[in-house]
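Spelled out, the chains give:
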Amino acid sequence: MSEPISSEWFGFLVERAGLKLTPEQFAELRQGYRFVERMIRTVRRPRDRTAEPAHIFVQPRA
Amino acid sequence: MDPTQLTIAEASRAIHSGQLSPLALTEAYLERIAGLDGELHSYVLVLRDQALAAARARTDEVFRGPLHGIPIGLKDIYKTSGIRTTAGSRRYLDHVPDEDAETWVRLHDAGAILLGKHETHEFAIGGPDFTLPFEPARNPWNTAHYPAGSSSGSAVAVAAGLCAGAMGSDTGGSIRGPAAYTGIVGLKPTYGRVSRCGVFPLSYTLDHCGPLTRTVEDCAIMMQALAGYDSQDPASADVPVPNYQAALTRRLNGLTIGVIRHFHERDAVADFGADSAPSAAYVTAFDAACRTLERLGARLVDLQLSPLIDYLDANRLIMLAEAYALHEADFCERPHLFGHHMFARIALGAFLSAADYVEAVRQRRELAVEFARALATVDVAVSANSTGPAPRIDAVSTYSTFERASYTSPYNLTGSPALSVPIGFENGLPLAFQIAGKPFDEAGVMRVGHAFEQATEFHRQRPAIAASLPLHQ
């Protein structure tokens, strides 16, 4: 598993999100952030611009 | 005869023939709950008086159908009018809704009786958490062990004979994981097949509602009442509902079944490390289950898909983003109301960007198309569920959800129907596999699950605690 994000950079992310964390929560979420980094690596890949998400909406019947 | 040992189908026949009354059946379940649930913690609320009143009414009524007088329970994220619904959280500890979940309306109208509300991980994600007001449910096969979640109480209650069937919800495996660890049947229907109206959401585009039962036939009975269009649910699909019980057969002649082996044989260890390796007993049980399907007349072929992690991380990223958006105001303004696991897991969603989310939903479509093409060559697919027995409940860590391979969430991502069925035991704890199908082909997956059940005895085995009470007189 990769090195955890730096405290400084993670502190910026926490502040931007508006979360008020205890030191214990900060430390735990900083460790957990490595899973977020892995998820982002998995889904961020070159794609054709036409590779759209699926998006349909079924209108309720009258 | 102890009526709580009967399946829904058996109890229904006994009620219809007059050999058993809904009142006697309800009283028997309430007696078992009083005797056993102090150890199992599967209920957060037992509705004794309401259940008895409903049972008396059902006893005096004309028979409505196979759910007439059948006592069930609801995961405590299903809203019940006038009855406390907590979502397993301090945030809603005193919440009494003024509406019923559409699924409960349909089950009620079919004649079911509500015994109570089942323990759930907080908002269907944060558990097992000993910092919450409700004790986490325990696995009835060994109470030191985890029953999985988040529909923990629902699965435990069904497995221990504390209700005949139950409703769970499934965003990454929260019906099928608990079904696997407790040795029962759990179905995640197709996205859009069963209404989510009146159920606390976790992740709008991944949430599914579905039943937990002791047999596939019971699952078919519950699905008959549950399935169908609901204009109140924006994701509901207006697709005809077949006769599920009529689709059940004992043979599988002419069927082609795809086997997805690489998820558990290769991908789990490659992407999540040696801790995610399937146990030897699991591999043996999975292979034996495949041979049973062949003996029943099916032709088996291997299916190759993208690596498991592509499905899992897209599912988890979407879930985190959607769940955080739902709870953001409370996370920023009232974080003390959340349990430790819920906060530590879902707060990670705060650190995702809009582009991350869009990339994940683009990947979802690619994988859904890939899975649809693979399924076009077969009738159904089978794949692993949890690849070993339930761990001890005190060994489940805060980030266990993200640390290990999950075999259930690919079908949340694709929206496919997926059924968990028991396939064996390891150290006295149940093992299971999944049968997944084409969109809206719940009948197809239940047909395969039922035929497998009829050829095996795993679903007939009950935890010792389920038989520990004197027979109801």
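Scroll up to find the structure.
In this text the structure is predicted, and so the values were computed from the model without any measurement.

Trainee: With reference to specific residues and values, describe the interface of chain B and chain A.
Mentor: Contact residues are listed per partner, giving 32 residues for chain B and 26 residues for chain A. Of all elements in the fold, only helix H10 (308-333) and helix H12 (354-375) of chain B reach the threshold of two or more residues within the side of chain B that touches chain A. The biggest single contributor to the side of chain B that touches chain A is H12 of chain B, with ten residues.

Trainee: Can you lay out H10 of chain B for me, pointing to particular residues and giving the numbers?
Mentor: Residue and element names in this part refer to chain B. Given a rise of 1.5 Å per residue, 26 residues ought to cover 38 Å, and the 37 Å separating the end C-alpha atoms of H10 matches this to within 8%. At His-327, H10 is bent by approximately 60 degrees, the largest bend along its length. Burial of H10 is extensive: 19 of the 26 residues sit out of reach of the surface.

Trainee: An account of the packing of helix H7 (residues 216-226) of chain B against helix H15 (residues 442-455) of chain B is requested, with residue identities and associated values reported.
Mentor: All names here are of chain B. Across the interface, H7 lies against H15 with an axial gap of 9 Å and an inter-helix angle of 155 degrees. Taken together, H7 and H15 sit at an angle that is classed as roughly antiparallel. From H7, Val-216, Glu-217, Cys-219, Ala-220 and Met-223 reach across to H15, where they touch Glu-442, Met-446, Gly-449, His-450 and Glu-453. Residue composition of the contact of H7 with H15, grouped by class: five nonpolar, two polar and three charged.

Trainee: A description of the pairing of strand E9 (residues 380-384) of chain B should follow, citing residues and the corresponding values.
Mentor: Residues and elements named next belong to chain B. Among the five residues of E9, five are classified as buried, and the element is accordingly described as predominantly covered. Of the pairings in the sheet, the one linking strand E7 (residues 256-260) to E9 comprises four bridges and is parallel in character. By the bridge assignment for E9, Ile-260 is matched with Ser-383. Across four bridges, E9 lies against strand E11 (residues 429-436) in antiparallel orientation. Pairing of Ala-381 across the sheet is with Ala-436, part of E11.

Trainee: Describe the environment of Phe-63 of chain B, and please don't skip the residues or the numbers.
Mentor: Residue and element names in this part refer to chain B. Residue placement: Phe-63 occurs in the loop between helix H3 (48-60) and strand E2 (71-75). It is 55 Å that separates the C-alpha atoms of Phe-63 and Ala-270, two residues lying 207 residues apart in sequence. If near-sequence neighbours (up to four positions away) are discounted, Phe-63 is found in contact with His-16 and His-68.

What counts as what
- Residues numbered from 1 in each chain as written.
- Chains lettered and ligands numbered in written order.
- Predicted model: local features only at pLDDT ≥ 70, side-chain atom pairs only at ≥ 80, totals over all residues.
- Contact = placed C-beta atoms within 7 Å.
- Helix = DSSP H or I, 4+ residues; strand = E, 2+ residues; numbered from the N terminus.
- Expected span 1.5 Å × (residues − 1).
- Bend = angle between axes of the 7 residues up to and from the residue.
- Buried ≥ 20, exposed ≤ 12 C-beta atoms within 10 Å, placed from the backbone.
- Axes fitted to C-alpha atoms, helices over the stretch in contact; angles between N-to-C directions.
- Parallel < 35°, antiparallel > 145°, perpendicular 65-115°, else oblique.
- Nonpolar A, V, L, I, M, F, W, Y, C, P; charged D, E, K, R; others polar.
- Pairing = 2+ DSSP bridges.

Keep in mind these values describe shape, not function.
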